[in-house]
Amino acid sequence: MKFIFGLGNIGAEYDQTRHNIGFMAVDAFATANHMSFSPSKQFALVAKTIIGGESVMLVKPTTYMNDSGKAVRAILDYYDGDIDDVLVLVDDMDLPFGKMRFRAKGSAGGHNGLKSIMTHTGSQTFLRLKFGLGHPVHEQNVVVNYVLGKFTATEKPDIDAMLDRSTQAIADWIQGATAPELSNRYNG
């Protein structure tokens, strides 16, 4: 089974915010593949289907961003999943706005959701698809307000295009594309 974890925060106040682009990406993939989410006992909303003979689970942790690893660990344990079958969709302020980047391993880069996953799984070697948000002024309150802010009307076309590209990228991963192949196709 392939597990696609979109990171974000649950609640109407976080809907369509920059920090929730992981949720937005799994929602876009779910819509394109006629999938719907249901609550699970593993601290998440999940949607399941089969694509090209491969079982696929989309996951939106309900633990809030900073404790995403709790849901990742619970899902992998319950479904006897392997970290090699995980793709995490996550925002990245260090990437230019509108860019995407696949990364097969590495540190959390200051992202608390990724830190939590690494803590709960004991691994840094899981595939991530990062969505570039760009970076505001390096002042704590400015950064927090930026990531928890909603996308502007002028940003919306770029976000829609990035979500369309991510839907295809996720499909390519499910169908067996390797991290280097995905990087060559989608990093930019």
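It should be emphasised that the depicted structure is a prediction, and the values quoted were computed from it without experimental measurement. Once a new chain begins, its residue numbering starts again from 1 and follows that chain's sequence as written. pLDDT decides what is reported in this predicted model: residues at 70 or higher carry local features, side-chain atom pairs at 80 or more are listed and counted, and totals for whole chains, interfaces and linings draw on all residues regardless. Only hydrogens and water are set aside when side-chain values are computed; all heavy atoms of the structure are taken into account.

Let us look at the overall build of the protein. Across its full length, the protein holds 6 helices and 7 strands. Scanning the protein from its N terminus toward the C terminus, one meets helices and strands in the order β-α-β-β-β-α-β-β-α-β-α-α-α. The atom set for the radius of gyration is the C-alpha atoms, and the globule formula is 2.2 Å times the number of residues raised to the power 0.38. Relative to the 2.2 N^0.38 estimate, which gives 16 Å for 188 residues, the radius of gyration of the protein is 15 Å and therefore close to what a compact globule would have. Counting only C-alpha atoms, the protein reaches 45 × 30 × 30 Å along its principal axes. Burial classes: relative accessible area under 20% of the type maximum marks a residue as buried, over 50% as exposed, and values in between as partly exposed (1.4 Å probe, protein chains only). Of all 188 residues assigned to the protein, the portion counted as buried reaches 50%. Any pair of residues with heavy atoms lying within 4.5 Å of one another is described as a contacting pair. Considering only contacts in the protein between residues 6 or more positions apart, those separated by 24 or more positions represent 67%. For the protein, the accessible surface area stands at approximately 8700 Å², while carbon and sulfur atoms represent 49% of it. When charges are tallied, Lys and Arg are placed among the positive residues and Asp and Glu among the negative ones, while His and the ends of the chain are skipped. Taken as the charge centre is NZ of Lys, CZ of Arg, CG of Asp or CD of Glu, depending on the residue. Of the side-chain charges in the protein, 18 are positive and 20 negative, and the distance between the mean point of each set is 2 Å. Numbered from the N terminus, helices here are DSSP runs of H or I no shorter than four residues, and strands are runs of E no shorter than two. For accessible areas, the Shrake-Rupley method is used with a probe of radius 1.4 Å. Any residue's cover is judged against the shown protein chains and nothing else.

A few words on the pattern of salt bridges. One speaks of a salt bridge when a side-chain nitrogen belonging to Lys or Arg is within 4 Å of a carboxyl oxygen belonging to Asp or Glu. Applying the stated criterion across every chain yields a total of 7 salt bridges. Note that Arg 18 is salt-bridged to Glu 155, the shortest N-O span being 3.0 Å. One end of the pair, Arg 18, is in the loop between strand 1 (2-6) and helix 1 (21-32); the other, Glu 155, is in the loop between helix 4 (140-147) and helix 5 (156-174), with 137 residues separating them in the sequence. The buried category is assigned to Arg 18, whose relative accessible area is 7%. Overall, Glu 155 belongs to the buried group, its relative accessible area being 14%. With a shortest N-O distance of 2.8 Å, Lys 60 and Asp 27 are connected by a salt bridge. In this pair, Lys 60 is assigned in strand 4 (residues 54-61) and Asp 27 in helix 1, connecting sequence segments 33 residues apart. Note on Lys 60: relative accessible area 11%, which makes it buried.

Axis separation between helix 2 (residues 68-78) and helix 3 (residues 112-121) bottoms out at 7 Å; the angle between their running directions is 40 degrees. Classified by the angle between their axes, helix 2 and helix 3 sit oblique to one another. Crossing handedness for the pair helix 2 and helix 3: right-handed. On helix 3, the residues touching Ser 68, Gly 69, Lys 70, Val 72, Arg 73 and Leu 76 of helix 2 are Gly 113, Ser 116, Ile 117, His 120 and Thr 121. Residue classes follow a fixed rule: Ala, Val, Leu, Ile, Met, Phe, Trp, Tyr, Cys and Pro count as nonpolar, while Asp, Glu, Lys and Arg count as charged, and any other residue, Gly among them, counts as polar. Tallied by class, the residues present in the contact of helix 2 with helix 3 amount to 3 nonpolar, 6 polar and 2 charged. Fitted lines through C-alpha atoms serve as axes, helices being fitted only where they are in contact, and the angles separating the N-to-C directions of these axes extend from 0 to 180 degrees. Reported orientations rely on four angle classes, namely roughly parallel under 35 degrees, roughly antiparallel over 145, roughly perpendicular from 65 to 115, and oblique for the rest. The handedness criterion is simple: a crossing whose near helix is rotated anticlockwise from the far helix by less than a right angle is left-handed, and one whose near helix is rotated clockwise is right-handed.

Spatial relationships are all this shows, so hold off on functional conclusions.
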